[in-house]
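Structural overview for review
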Amino acid sequence: MSRGHICPKAVALKDIHEDPNRLRHPVRRLRDGWEKITWDVAFHMVEERITGIQKEHGRDAVAIYLGNPTVHNLGAMLYAPQLARALRTKNRFSATSVDQLPHHFTSWAMYGHQLLLPIPDVDHTEFFLMFGGNPIASNGSIMTSPDIKKRLGAIRSRGGRIVVVDPRRTETANVADQHIFIRPGTDALMLAAMVQTLMADGPQPGRLAEFTTGIETLGEVVAGFTPEAVAPICGVEAETIRQLTRDFAAASAGVCHGRMGVSTQAFGGLSQWLVQAINVLTGNLDRVGGSMFTKPAVEILQRLSPGRYNRWRSRVRGLPEFGGELPVSVLAEEIRTPGDGRIRALITNAGNPVLSTPDGSGLSEALDDLEFMVSIDPYINETTRHADLILPPVSPLERDHYDLVFNALAIRNYARYSKPIFPKPSDGRHDWEILSELRILLTDKFDLKNRLDAEAMHQLGTRGQLTVGLRTGPYGKGFNPFGSGLSLSKLEESPHGVDLGPLQPQLPGRLQTRNKKIALTPQLLLDDMKRLEERLAQGADEGMLLIGRRHLRSCNSWLHNSERLVRGKDRCTLMVHPDDAVRLNLADGGAARVTSNVGSLVAPVEVTDAVMAGVVSLPHGYGHGRKGVRLDVASRYAGVSVNDLTDPAEVDRLTGNAVLNGVPVAVEPASEPAPPPA
Ligand SMILES: Nc1nc2c(c(=O)[nH]1)N[C@H]1C(S)=C(S)[C@@H](COP(=O)(O)OP(=O)(O)OC[C@H]3O[C@@H](n4cnc5c(=O)[nH]c(N)nc54)[C@H](O)[C@@H]3O)O[C@H]1N2
Ligand SMILES: Nc1nc2c(c(=O)[nH]1)N[C@H]1C(S)=C(S)[C@@H](COP(=O)(O)OP(=O)(O)OC[C@H]3O[C@@H](n4cnc5c(=O)[nH]c(N)nc54)[C@H](O)[C@@H]3O)O[C@H]1N2
Ligand SMILES: [Mo]
């Protein structure tokens, strides 16, 4: 699968394993430091405080936040969602709402299941059209694709084409045939114009027409969004949009993929829907070389509900729930606003929302208002320093792994099981053991069914659950001892993994909608088009907009404590276009003050024409120079946090996803020097 390619972050697992800052036992916060405690004392304390607060103030008084590494961890994937459900609180949060929530929303609305996410068939496509993704840095997202640089190169070698639409000329744009600058936050308009063009030219869904509803109505919905109408707002020529659309439609197999950059904006839901519509209208959904569904060895569709929406709303701002979770942008206000249902206790698992969610500094202050906070995390970082108690799991090299989620989102059907490299220390706990224990302790005493389930799952463990998952999966041998299909022992014999072949067309069979049809025009999305019409009527805007950035050797907020990953040129810089630099009197290497609605910070300036004029870019995940953070290396490369500028008030009103890109900012020369380099 990786064809010998190795990510520098994988090599750095050694540094995490050996890191003296990594916690090896539970700690409790004292007034002036941290005290080592036993697991028994720690678990007892959590049980007492959490159940006490729920008894006194109601179930919703306890909140839980699941961070991104939860999804990259077999044990956490199998046990964290159950813990969250056991709390029976409406205040469940995760990194989903600062990332890919619009993908889940559109897959639920169109294909009937939030996890039925189409994946670009990179190895066979003839036209890769990418909005807001930079796989050469990120390794591909909702598109697990190791060795992506060569895979992209192969598209061009076989005569195919790559087009990247991005406000920055990224590392990926540099290997593309064409890069199109777009004004941040306006993708939904450009995508609508592409759909308008396709509808006007005559859609070509091919065999998809047999099981797709709503093709006829789509034309009316996008009629006003002509390339001419959107061009001045997007900063893209009308002719460029029209030609791109026609070239894409003419390709024998093409895929339009929109990722993080278009998900985390005010029209995230609409953007992801329009991306899907383009693939359907060109017949590229479920086509070899197009946008395809995987057939993972462990079926994950059954593990999670297909998706629910708006069963409850957040108490203060009234934002809708999706899939049992509220948008994390409301977390701080739910802690700070007095009244019934106020959050008084918080559990975080593998998350660092102080650096990763909008107005992180505001959240940081709110965390101090909590009566109790417990974090399951190996580090004392910007978030966990607020906890009363930290429960650290063993190192990544002391546990086994099977990628439940990212195998299911990969560009090939593939399965791999990794054994632990080192035995677990005698007093160490796996993520799953911590989460399972907490679930048992926090499940209602009278909820017999869930108590039994919790005990049974604890007995089964990760290996047991994986064994069952593989055997009952589409390649499994079931429970026939003489069967020959895929099993855990087979995977153990194949440390490089088992290739289950390229993605195959699976529609309409794999659709999870009740009528087994693709819903091309779900009502919720049609309704939201009114908001886009209003945006169109507003016309072009001016002023500086802030976007983010990822680097190969960073991973969100948490790999900056590895010297080999952070050394070298400063990465936490503010990229500024040369024209803006002249206009704003900013010098390369100087310091700029960036101010938004929410906050202000000083960052070193990097003048480059790789960003579009009118746009500045700052990476996220930095800002380690805070009091109480115990990350010796990261603190020396502290940088500043872009999420001290992002605004929790700005969300995609349809899905509740945070707006992290296209943030209005003022930029000026700073009177003080920039903080130490990151
Ligand atoms: N090295 C590394 N790899 C990672 C991660 C990491 O932190 N570091 N994080 C992992 C995670 S959690 C995720 S979700 C994935 C994300 O993977 P990707 O989706 O590839 O994320 P980014 O690399 O941030 O690319 C987003 C792009 O969107 C662009 N963009 C910003 N605003 C707009 C806009 O308004 N319109 C358009 N069209 N583009 C815009 C940005 O300039 C950027 O190039 O990466 C994963 N892989
Ligand atoms: N402005 C801006 N903000 C962003 C983004 C952006 O592009 N721009 N990207 C967003 C995206 S895509 C995401 S996914 C979020 C991520 O947001 P979060 O998930 O909140 O943040 P991470 O930095 O991934 O935090 C990971 C935490 O998990 C811990 N950890 C690592 N491995 C393990 C483990 O195996 N077990 C346990 N228990 N803990 C572990 C680390 O110590 C760290 O505390 O950030 C989002 N925030
Ligand atoms: Mo993410």
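Now for a look at the structure at hand. Small disclaimer: the values here were computed from a predicted structure and weren't measured.

Time to look at the packing of aromatic side chains. Enumeration according to the criterion identifies ten aromatic pairs in this entry. Each ring, one from Tyr-79 and one from Trp-432, has its centre 5.2 Å from the other, and the planes form 35°; the classification is tilted. In this pair, Tyr-79 sits in helix 4 (residues 74-86) while Trp-432 sits in helix 17 (residues 431-442), placing the two residues 353 residues apart along the sequence. Both residues of the pair, Tyr-79 and Trp-432, belong to the buried class. Arranged with centres 5.5 Å apart and planes meeting at 75°, the rings of Trp-108 and Phe-322 form a pair that is edge-to-face. Here Trp-108, found in helix 5 (residues 101-111), pairs with Phe-322, found in strand 13 (residues 320-322); they are 214 residues apart in sequence, far enough to count as distant. Ring pairing ties together the aromatic residues Phe-105, Trp-108, Tyr-309 and Phe-322, which thus form one cluster. Its end group placed over the ring of Tyr-475, Lys-295 keeps NZ or CZ at 5.9 Å from the ring centre.

Let us look at the sheet that holds strand 22 (residues 544-547). Strand order around the closed barrel formed by six strands is 22-26-23-25-24-27, with mixed pairing between neighbours. Taken over all neighbouring pairs, the strand axes of this sheet differ in orientation by 45° on average, direction set aside. In the sheet, strand 24 (residues 591-595) pairs with strand 25 (residues 600-607) via five bridges, with the strands oriented antiparallel. Each bridged residue has a counterpart across the sheet, and for Ala-592 the counterpart in strand 25 is Ala-603.

For the rest of this paragraph, the subject is the pairing of strand 3 (residues 62-66). In regular strands, side chains alternate between the two faces of the sheet. The buried fraction of strand 3 is high, at five of five residues. The alternating pattern of strand 3 places Val-62, Ile-64 and Leu-66 and Ala-63 and Tyr-65 on opposite faces, both of which are buried. For the handedness criterion, the β-α-β arrangement of strand 3, helix 4 and strand 4 (residues 92-94) is classed as right-handed.

The subject of this paragraph is the site of ligand 2. Near ligand 2 there are 31 residues, and of these Tyr-65, Asn-68, Asp-377, Asn-381 and Ser-557 occur at the shortest range. Contact between ligand 2 and Ser-557: an oxygen atom at 2.5 Å from a side-chain N or O atom of the residue. For ligand 2, whose accessible area on its own is 920 Å², the fraction buried by protein is 96%. Its residues placed into classes, the shell around ligand 2 shows 14 nonpolar, twelve polar and five charged.

Right, let's get into the pairing of strand 12 (residues 309-313). As paired elements, strand 12 and strand 13 share two bridges and run antiparallel to each other. Within strand 13, the position partnered with Tyr-309 by the bridge is Phe-322.

Taken together, 31 residues form the shell around ligand 1, and within it Ser-138, Asp-166, Asp-187, Ser-554 and Asn-556 come nearest. Ala-137 places a main-chain nitrogen or oxygen 3.0 Å from a nitrogen atom of ligand 1. Between a nitrogen atom of ligand 1 and a main-chain N or O atom of Leu-552, the distance comes to 3.1 Å. Elements represented by at least two residues in the shell around ligand 1 include exactly helix 6 (135-138) and helix 12 (260-263). Take the shell around ligand 1: its biggest share by element is three residues, from helix 12. In terms of residue class, the shell around ligand 1 is built from ten nonpolar, 14 polar and seven charged. Two domains each put at least three residues into the shell around ligand 1: domain 2 (118-292) and domain 3 (542-669).

Side chains that carry opposite charge are capable of pairing whenever their charged atoms lie near each other. Enumeration according to the criterion identifies 39 salt bridges in this entry. Close ionic contact of Glu-321 with Arg-311 constitutes a salt bridge, the shortest N to O distance being 2.5 Å. Taken as a pair, Glu-321 in strand 13 and Arg-311 in strand 12 lie far apart in primary sequence, ten residues in all. On the accessibility criterion, Glu-321 (0% relative accessible area) is buried. Arg-311 gets classed as partly exposed once you look at its relative accessible area, which sits at 43%. Salt-bridge contacts for Arg-593 lead to Glu-672; the nearest nitrogen and oxygen are separated by 2.5 Å. On the criterion of sequence distance, the pair formed by Arg-593 in strand 24 and Glu-672 in the segment after strand 27 (663-669) is long-range, its members being 79 residues apart. Several salt bridges share partner residues, and in doing so they unite Arg-3, Asp-147 and Lys-150 into one network.

What counts, and at which threshold
Residues numbered from 1 in each chain as written. Chains lettered and ligands numbered in written order. Predicted model: local features only at pLDDT ≥ 70, side-chain atom pairs only at ≥ 80, totals over all residues. Heavy atoms only, no water. Phe/Tyr/Trp six-rings, centres within 6.5 Å; stacked < 30°, edge-to-face > 60°. Helix = DSSP H or I, 4+ residues; strand = E, 2+ residues; numbered from the N terminus. Buried < 20%, exposed > 50% of the residue type's maximum accessible area, 1.4 Å probe, protein only. Lys NZ or Arg CZ within 6 Å of the ring centre and 35° of its normal. Pairing = 2+ DSSP bridges. Axes fitted to C-alpha atoms, helices over the stretch in contact; angles between N-to-C directions. Right-handed = clockwise from strand over helix to strand, strands pointing away. Near = heavy atom within 4 Å. Polar contact = N/O pair within 3.5 Å; in protein donor to acceptor, adjacent residues only side chain to side chain. Areas by Shrake-Rupley, 256 points an atom, 1.4 Å probe, with all protein chains shown as cover. Nonpolar A, V, L, I, M, F, W, Y, C, P; charged D, E, K, R; others polar. Domains from an automatic or database assignment. Salt bridge = Lys/Arg side-chain N within 4 Å of Asp/Glu carboxyl O.

Structural measurements only, silent on function.
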